[in-house]
Amino acid sequence: MSSVTLKGIYKRYTGGVTAVSDFNLDIEDKEFIILVGPSGCGKTTTLRMIAGLEEISEGELYIDNKLVNDVAPKDRDIAMVFQNYALYPHMTVFENMAFGLKLRKVPKPEIKKRVDEAAQILDIAHLLDRKPKALSGGQRQRVALGRAIVRDPKVFLLDEPLSNLDAKLRAQMRTELSKLHQKLATTFIYVTHDQVEAMTMGTRIVVMKDGFIQQVSAPQTLYTEPANLFVATFIGTPQMNTITGTVVDKDGKTYIQIGEQTIVLPDSKGRKPEVLAYAGKEVIVGIRPEALHDEPRYMTEFPDSIVTAHVDLTEMMGSETYLYLLLEGQNFIARVAPTSTARSGDKVKIAIDNTQIHLFDKDTEKTITN
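Residues numbered from 1 in each chain as written. Predicted model: local features only at pLDDT ≥ 70, side-chain atom pairs only at ≥ 80, totals over all residues. Heavy atoms only, no water.

Student: Tell me about the sheet that holds strand 12 (residues 253–258), and name the residues and values.
Tutor: The 6 strands lie next to each other as 13-12-11-14-20-21, forming an open sheet whose pairing is antiparallel. Each edge of the sheet is formed by a strand with only one pairing partner; in this case those strands are strand 13 (261–264) and strand 21 (367–369). Strand-to-strand twist in this sheet, taken as the mean axis angle between neighbours without regard to direction, amounts to 40 degrees. One ladder, built from 4 bridges, connects strand 14 (residues 282–287) with strand 20 (residues 358–361); its direction is antiparallel. (Pairing = 2+ DSSP bridges. Helix = DSSP H or I, 4+ residues; strand = E, 2+ residues; numbered from the N terminus. Axes fitted to C-alpha atoms, helices over the stretch in contact; angles between N-to-C directions.)

Below, the structure written as structure tokens:
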């Protein structure tokens, strides 16, 4: 078992700075948990507290149901992979991978067996005699992973391990890490600021902001049911459109008034008591770019939620086209088919899939309805 539990964890620095506040999380055995958020949100500090590299100011940390607040990092049975690889330049790949085992006085035959096995898993067996300077970025990252694997730890901690790689290699290594997690069948806790990494790799994602957890959910749940405006706009590329509108309750229907234009909410959303409580009030309306369409068939499908907008700019991406639009003085992006004929300066009709409209409270930014 390799479960990790954080109960009411705080990290306070001298000078009154609180980096992490009231962090509560149960990580199950074999989970791939991702901590994601903007720079300075406290995700790396949390990882370092789990590793024992940062002291916990308040709260309790358990690994396998054992309280480890005062346990030294070397005795926690965890392995950490850093952003900068942290390889010894004067040692070969084999020596780098074997170093931690030598310190623990593991017998030489066992060291060789473990290093060879890890090198096979990571496809670096042919590099064992090379030094780090003779390796590419991706190969160095594999060596850093190998050094962690040979220790056979209960928990792997990974701190932005792909951020120094180019885009193509990063995509490749994302796949490799997911496969590695399945092969090793152990617990991974992974820190990144890249929401694409988070969405493609994690079994659950912890979204952080200003030291607080905003939401913990499976990737698809985060995308379709964000708990607040921050999560909604942080997850997704291009990010969710947010515009201001007013909730209108009229003749048994719920409308969103955006300037001079109105869209109807489906009854499944609009007639909810929590939405009707906002009748006559301004809210933040969230619409993902892929829920906006300019093809005629969507005008028939969503006849009650068609708006007229001006095209500022078009970006043709090959498999899709981004339309940068102006609706009643507010900017938003539509992700439409590559066959779209809309061009800069055009006035276009846009059908909104009103089943995918999100509403947020203007003051608290909490979700009213997804």
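Student: Explain unusual backbone geometry to me, using residue names and the numbers behind them.
Tutor: The linkage connecting Thr 237 with the following residue, Pro 238, adopts the cis geometry, with an omega of -10 degrees. Tracing the backbone through its elements, the reader meets Pro 238 in the loop between helix 8 (229–234) and strand 11 (241–250). One non-glycine residue, Asp 22, lies in positive phi territory at about 45 degrees. For Asp 22, the location among the structural elements is in strand 2 (residues 17–27).

Student: Break down the pairing of strand 18 (residues 330–336) for me, with residues and values.
Tutor: Both strand 17 (residues 321–327) and strand 18 contribute to a ladder of 7 bridges, which runs antiparallel. Opposite Tyr 324, over in strand 18, you have Ile 333 as the bridge partner. In textbook terms, the turn of a hairpin is the stretch between consecutive antiparallel strands, and for strand 17 and strand 18 this stretch comprises 2 residues, one of which, Glu 328, has a positive phi near 50 degrees.

Student: Quick rundown of the pattern of salt bridges? Include the residues and the values.
Tutor: Any two side chains of opposite charge can pair, given that their charged atoms come close. One pass over the full model with this rule turns up 17 salt bridges. Between Arg 12 and Glu 58 there is a salt bridge, and its shortest N-O distance comes to 2.8 Å. Residue Arg 12 is found in strand 1 (residues 4–13), and its partner Glu 58 is found in strand 4 (residues 58–63); the two are separated by 46 residues along the sequence. Judged by its relative accessible area of 38%, Arg 12 falls in the partly exposed class. Given the relative accessible area of 38%, Glu 58 is considered partly exposed. A salt bridge links Arg 297 to Glu 295, with the shortest nitrogen-to-oxygen separation between them at 3.6 Å. (Salt bridge = Lys/Arg side-chain N within 4 Å of Asp/Glu carboxyl O. Buried < 20%, exposed > 50% of the residue type's maximum accessible area, 1.4 Å probe, protein only.)

Student: Now, about the packing of aromatic side chains: what can you tell me, with residues and values included?
Tutor: For the structure shown, the criterion picks out 5 aromatic pairs. Their ring planes at 45 degrees and their centres at 5.2 Å tell us that Phe 32 and Phe 188 sit as a pair that is tilted. Within this pair, whereas Phe 32 is found in strand 3 (residues 32–36), its partner Phe 188 is found in strand 8 (residues 187–192), the two being separated by 156 residues in sequence. For the pair Phe 32 and Phe 188, a shared accessibility class is recorded, and that class is buried. Their ring planes at 50 degrees and their centres at 5.9 Å tell us that Phe 32 and Tyr 190 sit as a pair that is tilted. Of the two residues, Phe 32 is situated in strand 3 and Tyr 190 in strand 8; the sequence distance between them amounts to 158 residues. Assessed through its relative accessible area of 1%, Phe 32 is described here as buried. A relative accessible area of 0% places Tyr 190 in the buried class. An aromatic cluster is built from Phe 32, Phe 156, Phe 188 and Tyr 190, whose rings are joined through pairwise contacts. (Phe/Tyr/Trp six-rings, centres within 6.5 Å; stacked < 30°, edge-to-face > 60°.)

Student: Kindly report on the packing of helix 4 (residues 137–149) against helix 5 (residues 167–184), identifying the contributing residues and their values.
Tutor: Working note: a packed helix pair is described by the angle between its axes plus the distance between those axes. Running from amino to carboxyl end, helix 4 crosses helix 5 at an angle of 20 degrees, the nearest separation of the two axes being 12 Å. What the angle tells us is that helix 4 and helix 5 run roughly parallel. Considering the relative orientation of helix 4 and helix 5, their crossing is right-handed. Residues Gly 138, Gln 141, Arg 142, Leu 145 and Ile 149 of helix 4 lie in contact with helix 5, whose contacting residues are Leu 169, Gln 172, Met 173, Glu 176, Leu 177, Leu 180 and Leu 184. Looking at the contact of helix 4 with helix 5 residue by residue, the class counts come to 7 nonpolar, 3 polar and 2 charged. (Parallel < 35°, antiparallel > 145°, perpendicular 65-115°, else oblique. Left-handed = near helix turned anticlockwise from the far one by under 90°. Contact = heavy atoms within 4.5 Å. Nonpolar A, V, L, I, M, F, W, Y, C, P; charged D, E, K, R; others polar.)

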